Amino acid sequence: MAGTLIVLGTAQDGGNPQLGSRGRGRPRLVSSVAVVMDDGSTLLADVSPDVKAQVARLSEVEAYQARSARNAVDHITLTHGHMGHYTGLVQFGKEAHNADRIPTWVTPSMAAFLTANEPWRSLVEGGHLDLRSGFGPVLLEPGLSLRLVPVPHRAELTDTVGISINDEVLFVPDIDSWADWPDAQQEVARHRVCLLDASFSSLDEIPGRDLGQIPHPLVSDTIERFGHLAADRRLILTHLNHTNPVAEPDSEAAAVVRSAGFEVAEDLMEIHLDGN
Ligand SMILES: [Zn+2]
Ligand SMILES: [Zn+2]
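As a starting point, this report considers the structure included with it. None of these values were measured; they are calculated from a predicted model.

**Details of the coordination of the zinc ion (ligand 1)**
Inference 1: The zinc ion (ligand 1) binds to the protein through Asp 13 (OD), His 85 (NE2), Asp 174 (OD) and His 239 (NE2), with metal-donor distances spanning 1.9 to 2.1 Å.
Inference 2: Because the angles between the four donor atoms bound to the zinc ion (ligand 1) fall within 83 to 167 degrees, the donor set is best described as irregular.
Inference 3: Mapped onto the sequence, the residues coordinating the zinc ion (ligand 1) show the spacing D-x71-H-x88-D-x64-H.
Inference 4: In this structure the zinc ion (ligand 2) is found 3.7 Å away from the zinc ion (ligand 1). With His 85 in helix 3 (residues 83-86) and Asp 174 in the loop between strand 10 (169-172) and helix 6 (184-190), the pair connects residues that are 89 residues apart, well separated along the chain.

**What about the coordination of the zinc ion (ligand 2)?**
Inference 1: Within the protein, His 80 (NE2), His 82 (ND1) and His 153 (NE2) serve as the donor atoms for the zinc ion (ligand 2), at 2.2 Å.
Inference 2: Each donor residue of the zinc ion (ligand 2) lies on the same chain, and together they follow the pattern H-x1-H-x70-H.

**Brief notes about the environment of Ser 21**
Inference 1: Here Ser 21 shows up in the loop between strand 1 (3-9) and strand 2 (32-37).
Inference 2: For Ser 21, a relative accessible area of 25% puts it in the partly exposed group.
Inference 3: For the pair Ser 21 and Glu 266, spaced 245 residues apart in sequence, the C-alpha to C-alpha distance is 20 Å.

**Topic: the sheet that holds strand 1**
Inference 1: Here seven strands make up an open sheet; going across it, the order is 6-5-4-3-2-1-14 and the pairing mixed. Unpaired on one side and paired on the other, strand 6 (129-133) and strand 14 (270-273) mark the two borders of the sheet. Strand-to-strand twist of the sheet, defined as the mean angle between neighbouring strand axes without regard to direction, takes the value 20 degrees.
Inference 2: Where strand 1 lies against strand 2, six bridges are found, and the strand directions are antiparallel. When the sheet's bridge partners are listed, Leu 5 is paired in strand 2 with Val 35.

**A closer look at the nonpolar core**
Inference 1: The biggest cluster of nonpolar side chains holds 29 residues, and the ones touching the most others in it are Leu 44, Ile 76, Leu 78, Leu 89 and Phe 92.
Inference 2: Of all the secondary structure elements, the ones that give two or more residues to this core are strand 1, strand 2, helix 1 (51-58), helix 2 (62-65), strand 5 (102-106), helix 4 (108-116) and helix 5 (120-125).
Inference 3: Broken down by element, this core gets its largest block of residues, four residues, from helix 4.
Inference 4: Once residues within four sequence positions are removed from consideration, Phe 92 is found in contact with Leu 44, Val 47, Val 51, Val 73, Ile 76, His 97, Asn 98, Ala 99, Ile 102, Leu 123, His 128 and Leu 129.
Inference 5: Counting residues in each nonpolar core, the second largest holds 25 residues, with Ile 175, Cys 194, Val 246 and Val 257 among its members.

**Some points on the pairing of strand 5**
Inference 1: Burial within strand 5 is extensive, with five of its five residues counted as buried.
Inference 2: Because side chains alternate across strand 5, one face comprises the buried residues Ile 102, Thr 104 and Val 106, and the other comprises Pro 103 and Trp 105, equally buried.
Inference 3: As paired elements, strand 4 (residues 75-77) and strand 5 share two bridges and run parallel to each other. Within the sheet, the bridge partner assigned to Thr 77 lies in strand 5 and is Trp 105.

Definitions and limits used
Residues numbered from 1 in each chain as written. Chains lettered and ligands numbered in written order. Predicted model: local features only at pLDDT ≥ 70, side-chain atom pairs only at ≥ 80, totals over all residues. Heavy atoms only, no water. Donors = N, O, S within 2.8 Å, 3.2 Å for Na, K, Ca; no water. Tetrahedral: all angles 85-135°; square planar, octahedral: opposite > 155°, others 65-115°. Helix = DSSP H or I, 4+ residues; strand = E, 2+ residues; numbered from the N terminus. Buried < 20%, exposed > 50% of the residue type's maximum accessible area, 1.4 Å probe, protein only. Pairing = 2+ DSSP bridges. Axes fitted to C-alpha atoms, helices over the stretch in contact; angles between N-to-C directions. Core = buried A, V, L, I, M, F, W, Y, C linked by side-chain atoms within 4.5 Å. Contact = heavy atoms within 4.5 Å.

Following this line, the structure appears as structure tokens:
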């Protein structure tokens, strides 16, 4: 069965603009994607603080409109335990959506974190989330499979994964460095569509903040490393920090990205998936 990937947000964890800042370019919601299959079954990959607005946007997708399911989404998966990637889960609890046992695919480390700490523990114990831990691959629905791909990223609370959907889409919103991920070339080459961490363009982007404490590949590193793969697949830069000039389509930085054969992710981009 075929489906549609919908890019629900393209900003780093704090959004664009962040609280108390002006941001660059258009406002952007926090990084997240969904897949809506043609029968309406829906996977949400990362549950950002902007989840309410993001799931509301899914109602513009024809296949999603036709669904009659009790839960707002049928499957959830999470990359890691930093605030932009899972804290929207609070909206699934009894004070809000009151979800009924949504299968939630996470690593064992992420499952242990959610089970041990409030308010997430109540979501599990209350039967709102049905935690399923492991790296897969797992078949969620006919034509919709998932594999969690370990990547190096600050592991204060949990480990971090990229998310492979149908071996067709690779979603890696957060990584410390491509060089520290031995499978980087192989995994990017394996997918037709890759959404890749592009938090920063330069190391002096945030005055007064040591970016060595929050390492990410620079956009130029990403272009250098994967540029030779751009002709045969869509390489899309996402998780843009509110300071990153590539967030402004008219900027020189965005022009460099495009001329290298890459794309800058935009909220509400849709990509058709063939399924399997
Ligand atoms: Zn992040
Ligand atoms: Zn992170």
